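Below, each chain spelled out in residue letters.
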Amino acid sequence: MITIRKSDDRGGGNHGWLDSKFSFSFADYHDPRHMGFGPLRVINEDHIAPGAGFPTHPHRDMEILTWVLDGAVAHRDSEGNQAVVRPGELQRMSAGTGIRHSEFNASPSDKLHLLQIWIQPERRGLPPGYEQTAFTDLDGKLRLVGARDGRDGAVTIHQDAELWAARLAAGQQAAFTPKTSRVQWLQIARGEVDLNGQHLTAGDGAAISEETALTFHAETPAELLLFDMGA
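First things first, this report covers the structure right here in the doc. The model shown is predicted, which means the values in this text are computed figures rather than measured ones.

### With respect to the overall build of the protein chain
Scanning the protein chain from terminus to terminus reveals 0 helices and 22 strands. Against the globule reference of 17 Å for 231 residues, the protein chain gives a C-alpha radius of gyration of 17 Å, in line with a compact fold. Overall size of the protein chain, expressed as C-alpha extent along the three principal axes, is 45 × 40 × 40 Å. Counting the 231 residues in the protein chain, one finds 52% classified as buried. Partitioning the contacts of the protein chain with sequence separation of at least 6, the portion at a separation of at least 24 is 69%.

In structure tokens:
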């Protein structure tokens, strides 16, 4: 079963310096039909003005992933981590028992476009942690970028969840074979993709369950994220 979540149906708001779209309930946007999917709790698509960002604020008991589409985000946290995250890099911050961080557009002139993702951890009270990895082999295939066991160079996610990413040229195709008793969420970051005969465009998501095969056909140059999770 594939249930499409259209981009225009998402919540969010434009605050001038920040234009956000929420796939699931977040902040002042509440929709009991869209509270998350499996352990996936947040997918926020943010456009952040040059030099603007989120001042230091706290988190706890959440796996927070940042995927940059355009620009660069400057990160600083209470564990002493300072970094700049760019396209092709996945940042994982485990909030655990408590962490404070800030994130700003690192450029004084260019806009920042990113996806911020929250995944509920497998247990509460984990120690805070940080990881950032660049992936140079995303073109033309699905590449594992996040996993519970951190295999194949993926960042470690403290949950029975995997994150796959792909960049496809127009006409290219990728495939995924789901295992029994798992669910998937597909997020289209750019472009247009045909998923098992269903048309999706940038910003669209799809909740997937009980499918035996998934085929992604790029109708235009496209970038996608696929979450594979225990049901």
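### Observations concerning the side chain of Glu45
Inspection of the secondary structure assignment puts Glu45 in strand β4 (residues 40-48). In this structure Glu45 comes out as buried when scored by relative accessible area, which is 11%. Within the structure, the side chain of Glu45 is placed 2.7 Å from the side chain of His113, a separation counted as a polar contact. Each residue touching Glu45, except ones within four places of it in the same chain, is listed here: Arg10, Asp19, Ser20, Lys21, His113, Leu114, Leu115 and Gly203.

### Let's talk about the sheet that holds strand β11 (residues 112-119)
Pairing is antiparallel in the open sheet, where 7 strands are placed in the order β2-β3-β4-β11-β6-β9-β12. Every interior strand has two partners, whereas the edge strands, β2 (11-14) and β12 (129-134), have only one. Within this sheet the neighbouring strands show an average axis-to-axis angle of 15°, counted without direction. Of the strand pairs in this sheet, β4 and β11 are connected by 8 bridges, and their pairing is antiparallel. If you follow Asp46 over to β11, its bridge partner there is Leu114.

### Some remarks on the pairing of β11
Counting buried residues along β11, 8 of its 8 residues qualify, which places the element largely inside the surrounding structure. Side chains of β11 alternate between two faces, with Leu112, Leu114, Gln116 and Trp118 and His113, Leu115, Ile117 and Ile119 buried alike. Bridging between strand β6 (residues 63-70) and β11 involves 7 bridges; their strand directions are antiparallel. When the bridges of β11 are listed, Thr66 appears paired with Gln116.

### Brief notes about the packing of aromatic side chains
This model, assessed by the stated rule, comprises 6 aromatic pairs. Aromatic side chains Trp17 and Phe54 sit 5.3 Å apart centroid to centroid with 75° between the ring planes, which places their arrangement in the edge-to-face category. Taken together, the residues span a long stretch of sequence, with Trp17 in the loop between β2 and β3 (18-22) and Phe54 in strand β5 (residues 53-59) at a distance of 37 residues. The exposure class assigned to Trp17 is partly exposed, which follows from its relative accessible area of 32%. Residue Phe54 is classed as partly exposed on the basis of its relative accessible area, which comes to 23%. Their ring planes at 50° and their centres at 5.8 Å tell us that Phe37 and Trp185 sit as a pair that is tilted. Separated by 148 residues along the polypeptide, Phe37 in the loop between β3 and β4 and Trp185 in strand β17 (residues 182-190) bring together distant segments of the chain. Of the aromatic side chains, those joined through ring pairs into one cluster are Phe22, Phe26 and Trp118.

### Quick notes on the nonpolar core
Judged by nonpolar contacts, the single largest core of 26 residues is most densely connected at Leu40, Trp67, Leu90, Trp185, Leu225, Phe227 and Met229. Once residues lying within four places of it in the same chain are set aside, the contact partners of Trp67 are Gly88, Glu89, Leu90, Leu114, Leu115, Leu138, Ala165, Glu223 and Leu225. Counting residues in each nonpolar core, the second largest holds 23 residues, with Leu142, Ala147, Trp164 and Val193 among its members.

### Observations concerning the side chain of Gln159
Topologically, Gln159 is positioned in the loop between β14 (155-156) and β15 (161-168). The residues touching Gln159, leaving out its near neighbours within four places in the chain, are Pro39, Ile119, Gln120, Pro121, Glu122 and Arg148.

### A look at the pattern of salt bridges
Inspection of every chain in the model, using the stated rule, returns 15 salt bridges. Between Asp61 and Arg124 there is a salt bridge; the shortest N-O distance is 3.2 Å. On the criterion of sequence distance, the pair formed by Asp61 in the loop between β5 and β6 and Arg124 in the loop between β11 and β12 is long-range, its members being 63 residues apart. A relative accessible area of 9% places Asp61 in the buried class. Overall, the relative accessible area of 66% leaves Arg124 in the exposed class. With its nearest N and O atoms 2.9 Å apart, the salt bridge here joins Asp228 to Arg182. Pair noted here: Asp228 is in strand β22 (residues 222-230) and Arg182 is in strand β17, with a separation of 46 residues, a long-range link. Residue classification places Asp228 among the buried residues on the basis of a relative accessible area of 5%. Shared partners join several salt bridges into a network, and the residues in it are Asp70, Arg167, Arg190 and Glu223.

The rules behind each value
Per chain, residue numbering runs from 1 following the sequence as it is written. Local features in a predicted model are, by the rule used here, given only for residues with pLDDT of at least 70; side-chain atom pairs are given and counted only at 80 or more, and totals for whole chains, interfaces and linings are based on all residues. As a convention, hydrogens and water are excluded, and side-chain values are obtained from all of the structure's heavy atoms. To qualify as a helix, a DSSP run of H or I must reach at least 4 residues; to qualify as a strand, a run of E must reach at least 2; elements of each kind are numbered from the N terminus. For the radius of gyration, the atoms used are the C-alpha atoms, and the globule rule reads 2.2 Å times the number of residues raised to 0.38. Burial status follows relative accessibility: with a 1.4 Å probe on protein chains alone, a residue under 20% of its type maximum counts as buried, one over 50% as exposed, and anything between as partly exposed. Throughout, a residue-residue contact means that at least one pair of heavy atoms, one from each residue, lies within 4.5 Å. Polar contacts here mean pairs of N or O atoms no more than 3.5 Å apart (in protein, one a potential hydrogen donor and the other a potential acceptor; neighbouring residues in sequence count only if both atoms are side-chain atoms). For two strands to count as paired, DSSP must find a minimum of two bridges between them. Note on geometry: axes are lines fitted to C-alpha atoms, helical ones only across the stretch in contact, with angles between N-to-C directions running from 0 to 180 degrees. Here is the rule: rings of Phe, Tyr and Trp (six-membered ring for Trp) pair when centre to centre is within 6.5 Å. Planes less than 30 degrees apart are stacked, more than 60 are edge-to-face, and the remainder are tilted. Within this scheme, the nonpolar core is defined by two criteria: the residues are buried Ala, Val, Leu, Ile, Met, Phe, Trp, Tyr or Cys, and they are joined through side-chain atoms within 4.5 Å. Every case where a carboxyl oxygen of Asp or Glu lies within 4 Å of a side-chain nitrogen of Lys or Arg is listed as a salt bridge.

Function cannot be read off these values alone, since they describe shape.
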